[in-house]
Amino acid sequence: MTFILSPEIIDDIIFAMENQTEILLFDALEGICVDMDEIDDDYGTVIDDQRYYDLPDWTSAQGFHVMEQFTARVHNPLLREALLNALGQRKGVFRRYKEVLKTAPIVEREWYRFKDQQMKAAVYEWYNDLRKLWGLEKISFEDETDSQLLQEDFTFLIEKYDALNTELLRNFIRKTEATSEDSDKILSFDDFDEKAAFEAGRLLGYTAFFDANVCAAAGQKYGTTQHNAVYITAYNENGLCGVCSIVAFPFNESFCIPFLRVLPEYRGLGLGKELLQRSCMYAKSLADVLIFADFCTPAHLIALLEREGFEQKGLLYIKDLSSDE
């Protein structure tokens, strides 16, 4: 007996898969999971006439493996270490893991989404095995994208350069930088030299704001204007969570990202990727080239830049927007 895999059926099967105390089967006629002890019929009949089906395998070992997979995706080092410690316990692993996640609500929500997607994938694999027996083609499983998930937790804005509160921005940047006596300095250059600016940002390790002096210097030398300079920002109920700055630099035809920052507690959720992609979309209609010049960028973001089409040119990463589809 064939059946259509509806969202309601998927949810019911996933709920039953997590039940480790009863033996449940899927009733294709009623479209629900039922206790094996309540079935009077012989469920092991010929597959073409079968009404009851064994559920997808989902053991505690598989659940543990999913936790390991998710933990590897967490970029926040302190939270990742705490999760690894929970996984290393001999008893109460699942309970301890959930307790750690409760300390980071955003990550906790991502965990449940991640686990749900892994279980859905198992359901689709199981269902496609049945479809093969039925002589039907496989159906595809479309995972939710990071972008879709982030829409539920964050509000993204495009804010003009002079609209974002300077003190708010300074405090935000300070929270994202490694502890340093000079970590909150803003670079300013009286004599405009873009190469020196980039070198200074790299060698000194300061947060490389392209502030009013730098932009003004570019304007004097190349006639660059900042009418389209913006911050791509991400907020949640706790306030500002992520910022990507975009300025015209050093020419009007080229835009530059002097910094992209995400608060430590929200790293590992794909927020930096979302901010970068939104920045590329914003710049595409206004410039031919996008330069990434944040020299405090972690290694995993460099890999993201390369996946998003940026090419390394000396100290910078350049994306040709004119050829971007």
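Attention now goes to the environment of isoleucine 23. Along the polypeptide, isoleucine 23 turns up in the loop between helix H1 (7-17) and strand E1 (24-27). On the accessibility criterion, isoleucine 23 (56% relative accessible area) is exposed. Separated by 32 residues in sequence, isoleucine 23 and leucine 55 have C-alpha atoms that sit 9.2 Å apart. With sequence-adjacent residues up to four places away left out, isoleucine 23 is seen in contact with Val34, Asp35 and Met36.

Within the structure shown, the criterion is met by 8 salt bridges. For lysine 115, the salt bridge goes to glutamate 18, with nearest N and O atoms at 2.8 Å. Remark: glutamate 18 occurs in the loop between H1 and E1 and lysine 115 occurs in helix H5 (residues 105-134); sequence separation between them is 97 residues. The exposure class of glutamate 18 is partly exposed, given its relative accessible area of 39%. In this structure, the salt-bridge partner of glutamate 110 is arginine 113, at a minimum N-O distance of 2.5 Å. Remark: arginine 113 and glutamate 110 occur in helix H5; sequence separation between them is 3 residues, near one turn of the helix. Residue glutamate 110 is classed as buried on the basis of its relative accessible area of 9%.

Conventions we followed
Residues numbered from 1 in each chain as written. Predicted model: local features only at pLDDT ≥ 70, side-chain atom pairs only at ≥ 80, totals over all residues. Heavy atoms only, no water. Helix = DSSP H or I, 4+ residues; strand = E, 2+ residues; numbered from the N terminus. Buried < 20%, exposed > 50% of the residue type's maximum accessible area, 1.4 Å probe, protein only. Contact = heavy atoms within 4.5 Å. Salt bridge = Lys/Arg side-chain N within 4 Å of Asp/Glu carboxyl O.

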